[in-house]
Amino acid sequence: MEALKLKDLYDGFRDPKVIKGLSRLIAEEAKKLSKPINIMEVCGGHTHSIMKYGLPQLMPDNINFIHGPGCPVCIMPKERIDHAYILSQQENVILVTLGDMIKVPGSKGSLQDARAKGADVRFVYSPLDTLKIATENPEKKVIFFAIGFETTTPMTAALIDVVRKRKITNILFHINHVTVPEVMVELIDSRDEHVDSYNNRIDAFLGPSHVSVITGSKIYDKFPKAYARPVVVAGFEPVDVMEAVLMVVRQFVEGRCELEIEYKRSVTQEGNLKAQELIEKYFEKADLFKWRGLGNVPESGYKLRTEYAELDAEKIYKEILPTEEIEDHKLCICGDILRGMASPPECTIFGTACKPSSPLGSCMVSSEGSCAAYYKYGNLIS
Amino acid sequence: MNKTVTLAHGNGGLENNELISKVFYRAFKNEILEKSEDAAVIHGGELAFSTDSFTVSPLFFPGGDIGKLAVCGTCNDLAMMGAKPKYLTCSVIIEEGFSIRELEKIVRSMKKELEVNGAIVVSGDTKVVPKGSVDKIFINTTGIGEIQKKGISSNLISSDDTIIVSRDLGRHGAAIFAAREGIELTTDLQSDCASLYLQVEALLAAGVNITAMRDATRGGVSAVLNEWSQQSKVCIEVNEEDIPVSEEVKGICEMLGFEAVNLANEGTFVLAVKKEDVQKSMEVLHGFSNSENATIIGSVTDQYPEKVVLNSSYGTKRFLDLPTGELLPRIC
């Protein structure tokens, strides 16, 4: 048998004929809908695919995407970026984080700015690469600024596991891992300050497949049952997203409200139990985690369990890490946008005070946010 | 603009252009500089004049090294103005402790590439600085070339032109990324690093009516197309499925979340050629091994002036933007 090539993993899922075919099917099914439906893709990876492949242009008028809060970089509040910034400026500290985290500005600047001022900030492709940095710099403290959803959490847990087993003493952790279901509940359930109501226009969710590879699809069980919102767990290729939209539309047409899996290639109901055990071993839920643009969301973030306090940079550097809250910009309406109640151009600071080069709200922070997408592709979005 | 220079200011994209226009152009402002061509056209349109400084890690990479790069880079800038590279200067800043053997290897490779271009180094300078002041070696080359055909300019592109790329995209950027420490990717991928004058010479000899040429270095083809669309105030429409990208480069892009159109090339150029000469250009380009897969990728329209539009094969379109920020892998 011929070895599997990388292109085998995506080629069929970008086939123009299949995409066009799905687009026709969605249009046909959508004619049977009694009212328009708004589908939130929770994850920034989905938003990226949707914008990159121009999928809204293939949708009938009565199907809209609402771009969700699922980008770990965008939702990082200024307070926590400031923590990273301050830690990076300590003597004998190397601050390590993942990819594009270093671009996002806090109140003091971004990690990129910190690096330009002489701080030792590095990015790694895998948290385990931190081990090499720590071995090569035994006289320095290496602080891993851990970010990401359920997908990257087990990798941080695996790093902690190695650090403990090998008794490595110069790696510390600043944990900012967040979880998907809790913020979905928040969007449905919380009060929207600007319109002073509990409204939202989210009719259905697309769940990110890679999160469910770890957690299983079970984390979404409650949404069809308790919140009357269908969920389809979908992959990231254009064919995946189109097929998932078709599945959502069919649920509405047929009067069903269920949890379905489009990404059957790797997602099961139970997920990766070993990864879940590892997360459970080292982390526990923090009471609150602040999301840029949304505020404090209960039980939506992880922290290190107290028995691992000696690895916790937040505790070790407590004296120098500020705790006061930094308010989101008063005029920012990210909360409304994320609930589907407003579109980016309705925001008074959109494109003026708030731009991709100087973002104020989470939706403008990276290309995965809806405001950034409107800013860049505005005249291609109807 | 930021108060301090960050790596994003060297990306060949948005921040880079901002730094150049707000700091350097503001101070040096003159008519020749403001044309923003690959090389300045001077001396009554007879000569092309260009400079480039080179720093690359690792110094020796699959398909080339900093020496070859330093000659190709400047000679290609001259060639893109339709000029034959003639005289180069060579300045090096070397870090204390650098190996003489490696230095000789670099210089040999420069010599070889000068021969390809038929150019000579006529002046130079060396500086040695204490350890840590530079990363191993920085090379600057400046070159003068004789213009073979006048009037090639990125400011004159119109709807009579067709857009061609000389080969598959992103090889240099992808090869350098894969060779960097920390990414253990095993690949046969080689940089496209090469001199382009021979192709240019053949195109001119065949009488091809070239409107503009630009080698797609930092910022890749998307930077070239965006700069062109702004300089010539036109819309450039590109068909995504026609953009040639090798399987290896595609694979690296998939893994790291990059787009091949944003990756650097060192021996790949974009051409705007009059429609009636497209056939002739393709025949010429296909006669060279490093442009044997030259492809027509797009056309010039007035749909969205000063924008580059990417059309997908399934009927959607999006703007292809100037790359922004430092090239960083996406998290998820």
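Residues numbered from 1 in each chain as written. Chains lettered and ligands numbered in written order. Predicted model: local features only at pLDDT ≥ 70, side-chain atom pairs only at ≥ 80, totals over all residues.

1. Thoughts on the overall build of chain A
Along chain A, the regular secondary structure elements total 15 helices and eleven strands. Taking 21 Å as the expected radius of gyration for a compact globule of 382 residues, we find that chain A reaches 21 Å, a close match to that expectation. Oriented by its inertia axes, the alpha-carbon framework of chain A measures out at about 65 × 60 × 35 Å. In chain A, which comprises 382 residues, the proportion classed as buried is 53%. (Helix = DSSP H or I, 4+ residues; strand = E, 2+ residues; numbered from the N terminus. Rg over C-alpha atoms; globule rule 2.2 N^0.38 Å. Buried ≥ 20, exposed ≤ 12 C-beta atoms within 10 Å, placed from the backbone.)

2. Points about the overall build of chain B
Summing up its helical and strand segments, chain B has eight helices and 14 strands in all. The globule rule puts the C-alpha radius of gyration for 332 residues at 20 Å, and the 19 Å found for chain B is close to it. Overall size of chain B, expressed as C-alpha extent along the three principal axes, is 55 × 55 × 45 Å. Taken across its 332 residues, chain B has 48% of its residues classed as buried.

3. Points about the interface of chain B and chain A
The figure often quoted for interface size is the accessible area lost as the parts come together. Listed as interface residues are 29 residues of chain B and, on the opposing side, 34 residues of chain A. In terms of residue count, the dominant contributor to the side of chain B that touches chain A is helix 7 (residues 247-256) of chain B (four residues). Taken together, the residues of the side of chain B that touches chain A sort by class into eleven nonpolar, ten polar and eight charged. (Contact = placed C-beta atoms within 7 Å. Nonpolar A, V, L, I, M, F, W, Y, C, P; charged D, E, K, R; others polar.)

4. Overview of the pairing of strand 7 (residues 204-208) of chain A
All names here are of chain A. Counting buried positions along strand 7 gives five out of five residues, so the element sits mostly inside the fold. Neither face of strand 7 is open: one carries Ala-204, Leu-206 and Pro-208, the other Phe-205 and Gly-207, and all of them are buried. One ladder, built from three bridges, connects strand 1 (residues 37-43) with strand 7; its direction is parallel. Note on strand 7: the bridge partner recorded for Ile-39 is Ala-204. Bridge analysis of strand 7 against strand 8 (residues 231-234) gives four bridges, and the strand direction is parallel. If you follow Pro-208 over to strand 8, its bridge partner there is Ala-234. (Pairing = 2+ DSSP bridges.)

5. A look at the domain arrangement of chain A
Residue and element names in this part refer to chain A. Here chain A is partitioned into domain 1 (26-327) and domain 2 (334-380). On a C-alpha basis, the centroid separation for the pair domain 1 and domain 2 is 19 Å. The interface of domain 1 with domain 2 comprises 28 residues on the first partner and 18 residues on the second. Elements with a minimum of two residues in the side of domain 1 that touches domain 2: strand 1, helix 2 (44-52) and strand 2 (63-70). Taken together, the residues of the side of domain 1 that touches domain 2 break down into 13 nonpolar, ten polar and five charged. (Domains from an automatic or database assignment.)

6. Considerations on the domain arrangement of chain B
Residues and elements named next belong to chain B. You can read the domains of chain B as domain 1 (31-147) and domain 2 (161-319). Using C-alpha coordinates to define each centre, domain 1 is positioned 23 Å away from domain 2. Contributions of two or more residues to the side of domain 1 that touches domain 2 are made by helix 2 (66-79), strand 5 (83-95) and helix 3 (100-117). Ranked by residues supplied to the side of domain 1 that touches domain 2, first place goes to helix 2 with seven residues. A breakdown of the residues in the side of domain 1 that touches domain 2 according to their chemical character gives eleven nonpolar, eight polar and four charged.

7. Observations concerning the sheet that holds strand 14 (residues 317-319) of chain B
What holds strands together in a sheet is hydrogen bonding between their backbones, with the strands either parallel or antiparallel. All names here are of chain B. Spatially, the seven strands line up as an open sheet ordered 9-11-8-12-10-13-14, and their pairing is mixed. This sheet does not close on itself; its edge strands, each paired only once, are strand 9 (210-215) and strand 14. Each strand of the sheet is rotated relative to its neighbour by a mean of 25°, with strand direction disregarded. Summarising the sheet, strand 10 (residues 235-239) and strand 13 (residues 308-311) pair through four bridges and their orientation is parallel. Note on strand 13: the bridge partner recorded for Asn-239 is Asn-311. Relative to strand 10, helix 6 (residues 220-231) is tilted by about 150°, and along the sheet it contacts strand 8 (161-165), strand 9, strand 10, strand 11 (269-274) and strand 13. (Axes fitted to C-alpha atoms, helices over the stretch in contact; angles between N-to-C directions.)

8. Quick word on the sheet that holds strand 2 (residues 47-54) of chain B
All names here are of chain B. Taken together, five strands build an open sheet; the order of strands is 1-2-7-5-6 and the sheet is mixed. Two strands in the sheet have a free side with no partner beyond their single neighbour: strand 1 (40-42) and strand 6 (120-129). When strand polarity is set aside, the average angle formed by the axes of neighbouring strands in this sheet is 20°. Of the pairings in the sheet, the one linking strand 1 to strand 2 comprises three bridges and is antiparallel in character. Paired with Ile-42 across the two strands is Leu-47, which belongs to strand 2. Helix 2 contacts strand 2, strand 5 and strand 7 (137-147) of the sheet and is inclined by roughly 150° relative to strand 2.

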